[in-house]
Amino acid sequence: MKKHPRKVLIVSCSLNAGSRSHRLAVAAEATLKDGDCLTTLVDLRDYDLPMCDGATTYDAPAAKELAKMIAEADVILLAAPIYNYDLNAAAKNLVELTGSAWKDKVVGFLCAAGGRSSYMSPMGLANSLMFDFRCVIVPRFVYATGEDFRDAGELSDIVQGRIEQLCTEAVKLANGLAG
Ligand SMILES: Cc1cc2nc3c(=O)[nH]c(=O)nc-3n(C[C@H](O)[C@H](O)[C@H](O)COP(=O)(O)O)c2cc1C
């Protein structure tokens, strides 16, 4: 029986016009393009998302649109900057606004950071996704610092390889969970 192709949603969470984590998101999209899955890349810079107030902001059109895309995906790859030893506030705000749309998703992380020492920073959001929404976290993070980004646009071989591993593992996990 032919398997239904997994739907992968890549969310680029940096709001910085010159974002490096966005380059990780684009590389993940290019990696997945040739695979047996349906990939969509969304960029939070293009969405007018309010800060979650726990009340009325769930009705914002951008929040509803993103919640629908998340709910329809099998895999969500969050590409985000590390701010203050955590993912940036825009990434957490997205989760706050879209809540239960994350139920049972396979989730992977691609992070851009200023230095090497913040490598455990995705764990806070990863834990909350596991506890709140039973997400399955891909145990293989992409973590890139300035030296991994060349001026011409390419990524270091190590980071490029890690993106490929993350994408392969994420789709494999989703296929396995779908039986
Ligand atoms: C407010 C702020 C906080 C930051 N905190 C950290 C941090 O805790 N650890 C770290 O390694 N880098 C930190 N950085 C550096 C960013 O992670 C780095 O510039 C990264 O490239 C940003 O991703 P972006 O280019 O996709 O926006 C911080 C940057 C800003 C602006």
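Model, not experiment: these values are computed from the prediction.

Looking at this structure, I do not really get the site of the ligand. What am I missing?
Within the structure, the ligand sits among 16 residues, and S14, S21, P81, A113 and G114 are positioned closest to it. Of all the secondary-structure elements, those providing two or more residues to the shell around the ligand are helix 1 (21–33) and strand 3 (75–83). Top element by residues in the shell around the ligand is strand 3. It accounts for three residues. Looking at the shell around the ligand residue by residue, the classes come out as six nonpolar, nine polar and one charged.

Whenever I open this one, the nonpolar core confuses me. Can you help?
Within soluble globular proteins, side chains that are nonpolar tend to cluster in buried spots. By size, the foremost hydrophobic cluster in this structure holds 56 residues, and its most contacted members are A28, A79 and L110. Here the element with the most residues in this core is helix 5 (residues 157–178); it accounts for eight residues. Excluding anything up to four places from it in sequence, A79 contacts I10, V11, S12, C13, S21, H22, L24, A25, A28 and L110.

Help me out: how do you make sense of unusual backbone geometry in this one?
Residues apart from glycine generally show negative phi values, whereas peptide bonds are mostly found in trans. We note that Y85 has phi near 55°; this positive angle belongs to a residue other than glycine. In this fold, Y85 is placed in the loop between strand 3 and strand 4 (86–87).

Calculation criteria
- Residues numbered from 1 in each chain as written.
- Predicted model: local features only at pLDDT ≥ 70, side-chain atom pairs only at ≥ 80, totals over all residues.
- Near = placed C-beta within 6 Å.
- Helix = DSSP H or I, 4+ residues; strand = E, 2+ residues; numbered from the N terminus.
- Nonpolar A, V, L, I, M, F, W, Y, C, P; charged D, E, K, R; others polar.
- Core = buried A, V, L, I, M, F, W, Y, C linked by C-beta atoms within 7 Å.
- Buried ≥ 20, exposed ≤ 12 C-beta atoms within 10 Å, placed from the backbone.
- Contact = placed C-beta atoms within 7 Å.

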